[in-house]
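# Residue-level structural notes
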Amino acid sequence: METRKLLLLLVALFHVFSSAILTESQSMIGINYGQVADNLPPASATAQLLQSTTISKLRLYGADAAIIQSLAGTDISLVLGVSNSDIPSLASDPSAAANWAAVNVLPYVPSSSISVVSVGNEAINSGDPSLASGLLPAMQNLRTALSASAAAATVKVSTVHSMAVLAQSDPPSSGAFHPDLAASLTGVLGFLRDAGSPFMINPYPFFAYRSDPRPETLAFCLFQPNPGRLDAGSKLTYTNMFDAQVDAVRSALDGLGFPEVEIVVAETGWPYRGDPDEVGTTVENAMAFNGNLVAHLRSLAGTPLMPGRSVETYIFALYDEDLKSGPTSERSFGLYRADQTMNYDAGLAKPSSSISNTASASPGWTQSAETCVPVVTVQARVEGRPRQSGERCYLPNAVGSPAVVGLLFQYVAVMLLLT
């Protein structure tokens, strides 16, 4: 009888614990909503789509009132954006910052959950000195304006950077910021530390592969099985480019004296289509990268320098943006088409979701028990053959992940029943 009671208690604890882990892992995954397009669906349809997925965060590049309102009362939090062109006025005039907050934030909180306002996008190394010099005062003035309202006092203020702010990133332990940006960055980082705001950055393994398009680099960038890369400085081994890039940022922050500032990945993604001279731009690769990224974040494995916790990450992007200039890849990062059908399945749809229309299925995709994890071996790709049914998908088996915890509880339960 006592054994049965203990078993029931274990089962109850398992459900509570695994539910908490799943909630935490899902809360790490967000998505970017770019709007350089003329065919996007209504805000209400986008809100419905998001709620059919496990995405819990949405990043805007502006402050679209319709989108903000459409997500009121949901569990989806928002990152709003101040355009680079608004930085000079916000920096020079506190009343301009107060007006921006009054128009774009205060009418919507707390009904809509706004977690962060990003002042500018990749402004500090934009090449415009006025943006770099005005960034910190603009952030300070906006923070003051938000703090004046009880409803907006918890909204964080930050800014987003490209990986170009790093002078060195390989190996990750050598990560360091460009010396000519150090003065501007030190002020911004001091602000982030004091305000408890994150350092937001855009690492793209796709661009790393584009500069080194070897099969072994592709496997490393797509979270696929590979020998790993030893960082001689830290003695840590890296099995994917995403972790290596994030840890290079961590090393740079620590080296400048800001170990307490958290990292948020504001953008990362992989285009599913490109021009003939754009290497790696296939549905297969995009699905592999984003699917395995989602699985990696859900595992709560973390990075070699920051194990046991996932970095909050925003995938680029929700929809294709048909009006973007540049190569075809720039218009081909969307997980969804404008009609809300999937370009491919990255494993983000809720099990009960009715929005499951995908592009025509390709051989070589498989479904794991936890999430859709596409893995095509590099050898299979090079030989041009489909993935064989005997090959298995790759999922990080991190201690603390729902799968591993479940196995542990099942083992203990069986042992108890046998006693």
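Conventions used here
Residues numbered from 1 in each chain as written. Predicted model: local features only at pLDDT ≥ 70, side-chain atom pairs only at ≥ 80, totals over all residues. Heavy atoms only, no water. Buried < 20%, exposed > 50% of the residue type's maximum accessible area, 1.4 Å probe, protein only. Helix = DSSP H or I, 4+ residues; strand = E, 2+ residues; numbered from the N terminus. Pairing = 2+ DSSP bridges. Right-handed = clockwise from strand over helix to strand, strands pointing away. Core = buried A, V, L, I, M, F, W, Y, C linked by side-chain atoms within 4.5 Å. Contact = heavy atoms within 4.5 Å. Polar contact = N/O pair within 3.5 Å; in protein donor to acceptor, adjacent residues only side chain to side chain. Arc of directions from axis to C-beta. Axes fitted to C-alpha atoms, helices over the stretch in contact; angles between N-to-C directions.

### Some words on the pairing of strand 2 (residues 57-60)
Burial along strand 2 is two-sided: the face carrying Lys-57 and Arg-59 and the face carrying Leu-58 and Leu-60 are both buried. For strand 1 (residues 29-33) and strand 2, the ladder comprises four bridges, and the chain directions are parallel. From the neighbouring strand, Ile-31 faces strand 2, where its bridge partner is Leu-58. Handedness of the crossover joining strand 1 and strand 2 through helix 2 (residues 43-51) is recorded here as right-handed. Judged from the three bridges that link them, strand 2 and strand 3 (residues 77-82) form a sheet pairing that is parallel. Looking at the pairing, Leu-58 lines up with Leu-78 of strand 3. With helix 3 (residues 65-70) bridging strand 2 and its parallel neighbour strand 3, the resulting β-α-β unit is right-handed.

### Brief notes about the pairing of strand 5 (residues 156-162)
With respect to burial, strand 5 is a largely interior element, six of its seven residues being buried. As paired strands, strand 4 (residues 113-121) and strand 5 are joined by four bridges and run parallel to one another. The residue bridging Ser-118 from the neighbouring strand is Ser-158, located in strand 5. Each parallel crossover has a hand, and for strand 4 linked through helix 6 (residues 129-147) to strand 5 it is right-handed. Across three bridges, the pairing between strand 5 and strand 8 (residues 199-202) is parallel. Residue pairing for strand 8: Ser-162 is matched across the bridge by Asn-202.

### Things to note about the nonpolar core
Within the largest apolar cluster, 95 residues are counted, with the highest numbers of intra-cluster contacts made by Leu-58 and Phe-199. Leaving out residues up to four positions away in the same chain, Phe-199 has contacts with His-161, Phe-177, Leu-185, Leu-189, Leu-192, Val-249, Leu-253, Val-261, Glu-262, Ile-263 and Val-264. Counting residues in hydrophobic clusters, the runner-up holds seven residues, among them Met-200, Val-264, Ala-266 and Tyr-314.

### A look at the side chain of Asn-290
Structurally, Asn-290 can be placed in helix 11 (residues 283-299). Given a relative accessible area of 0%, Asn-290 falls into the buried group. A distance of 2.7 Å separates the side chain of Asn-290 from the side chain of Tyr-344, its partner in a polar contact. In this view, Asn-290 contacts Gly-269, Trp-270, Ile-315, Leu-335, Tyr-344 and Ala-346; residues no more than four positions away in its chain are not counted.

### A short note on helix 5 (residues 94-104)
Among all positions of helix 5, only Ala-96, Ala-97, Trp-100, Ala-101 and Asn-104 are buried. One side of helix 5 holds all its buried residues, which, seen down the axis, span an arc of 140 degrees. On the buried face of helix 5, the contacting elements are helix 3, strand 3, helix 4 (87-92), strand 4 and helix 6.

### Describing the sheet that holds strand 2
Paired through their backbone hydrogen bonds, the strands of a sheet run either parallel or antiparallel. Here we have eight strands rolled up into a closed barrel, ordered 1-2-3-4-5-8-11-12, and parallel in their pairing. Averaged over neighbouring strand pairs, the angle between their axes works out to 25 degrees when direction is ignored. In the packing of helix 5 onto the sheet, contacts are made with strand 3 and strand 4, and the angle to strand 3 comes to roughly 140 degrees. Running over the sheet, helix 10 (residues 241-255) touches strand 8, strand 11 (263-268) and strand 12 (313-315) and is turned about 135 degrees from strand 11.

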